[in-house]
Amino acid sequence: MAEWTQIRDGLADVVRTVTALKDVLTYEPESIQTHPIAWVLFNSYDRGQAGQVTSMRYRFQVRVATPYNTVRKQAEDEVISAALAVADAIDTDPQFSGVITSGLATSPDGQAGWFPVGNVPCRVVDVYCSALDKFPY
């Protein structure tokens, strides 16, 4: 059984393999100095039990962002490309290099929008990650 912080940090390490991203954080930044940037945040969990096995399904939000005060076409293209690369990276390493020993992670969905960071409007794509970890009850 991995701690949720180990799974979050394992996911952050997977996201760091996306070469288009200039930085990956495990907290929401106060400003964006380089872009595109991503941060990994805990979203929710679901706990289940079957027989002698407990499962924890953690949901994380990987927010990929770039300031929208740059060239807008460039901002749109770079944030979407980087976000789709994050989903691919999760599919490529669904156990986060061994952090998850019994279970897998997937990126089932994402959503685009706008979000202010330090009073600067940003184009964002939230890539969601569902990470299943199973362990004896």
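Residues numbered from 1 in each chain as written. Predicted model: local features only at pLDDT ≥ 70, side-chain atom pairs only at ≥ 80, totals over all residues. Heavy atoms only, no water.

**So, the overall build of the protein chain**
- In terms of regular secondary structure, the protein chain is built from 2 helices and 5 strands.
- Listed by position from the N terminus, the elements making up the protein chain come as α-β-β-β-α-β-β.
- Rg of the C-alpha trace for the protein chain: 16 Å, near the compact-globule value of 14 Å for 137 residues, within the 12% margin.
- Counting contacts in the protein chain only where the partners sit at least 6 residues apart, residues at least 24 apart contribute 59% of the total.
- For the protein chain, the accessible area works out to roughly 7,300 Å², and carbon and sulfur atoms hold 50% of it.
- Charged side chains in the protein chain number 11 positive and 16 negative. The centres of these two groups are separated by 3 Å. (Helix = DSSP H or I, 4+ residues; strand = E, 2+ residues; numbered from the N terminus. Rg over C-alpha atoms; globule rule 2.2 N^0.38 Å. Contact = heavy atoms within 4.5 Å. Areas by Shrake-Rupley, 256 points an atom, 1.4 Å probe, with all protein chains shown as cover. Lys, Arg positive; Asp, Glu negative; His and termini not counted. Charge placed at Lys NZ, Arg CZ, Asp CG, Glu CD.)

**A closer look at the pattern of salt bridges**
- Under the counting rule described, the total for this entry stands at 5 salt bridges.
- Of the charged contacts in the structure, one is a salt bridge between Asp 13 and Arg 16, with a shortest N-O distance of 2.8 Å. With Asp 13 and Arg 16 both in helix H1 (residues 4-16), this residue pair falls 3 residues apart, about one helical turn.
- Judged by its relative accessible area of 44%, Arg 16 falls in the partly exposed class.
- We note a salt bridge from Arg 63 to Asp 126, for which the minimum N-O separation is 2.6 Å. Taken as a pair, Arg 63 in strand E3 (residues 53-67) and Asp 126 in strand E5 (residues 120-136) lie far apart in primary sequence, 63 residues in all. Each member of the pair, Arg 63 as well as Asp 126, is classed as buried. (Salt bridge = Lys/Arg side-chain N within 4 Å of Asp/Glu carboxyl O. Buried < 20%, exposed > 50% of the residue type's maximum accessible area, 1.4 Å probe, protein only.)

**Regarding the sheet that holds E5**
- Strand order in the open sheet formed by 5 strands is E1-E2-E3-E5-E4, with mixed pairing between adjacent strands. Among the strands making up the open sheet, the edge pair consists of strand E1 (23-25) and strand E4 (105-117). Adjacent strand axes in the sheet meet at a mean angle of 25°, parallel and antiparallel pairs treated alike.
- In the packing of H1 onto the sheet, contacts are made with E1, strand E2 (37-50), E3 and E5, and the angle to E3 comes to roughly 40°. (Pairing = 2+ DSSP bridges. Axes fitted to C-alpha atoms, helices over the stretch in contact; angles between N-to-C directions.)

**Regarding the confidence of the model for the protein chain**
- The pLDDT averaged across the protein chain works out to 93; a share of 98% of its residues lies at or above 70.
- Averaged pLDDT values over the elements of the protein chain bottom out at 93 in helix H2 (residues 72-92) and peak at 98 in E1. (pLDDT = per-residue confidence, 0-100.)

**Concerning the nonpolar core**
- Judged by nonpolar contacts, the single largest core of 31 residues is most densely connected at Leu 11, Val 15, Leu 21, Val 62, Val 64, Val 86 and Phe 96.
- Sorting the residues of this core by element identifies H1, E2, E3, H2 and E5 as the ones contributing at least two each.
- Here the element with the most residues in this core is H2; it accounts for 7 residues.
- Setting aside residues up to four positions removed in sequence, Val 86 forms contacts with Val 15, Val 18, Leu 21, Val 62, Val 64 and Val 127.
- With 8 residues, the next largest nonpolar core counts Leu 25, Ile 32, Trp 39 and Cys 122 among its residues. (Core = buried A, V, L, I, M, F, W, Y, C linked by side-chain atoms within 4.5 Å.)

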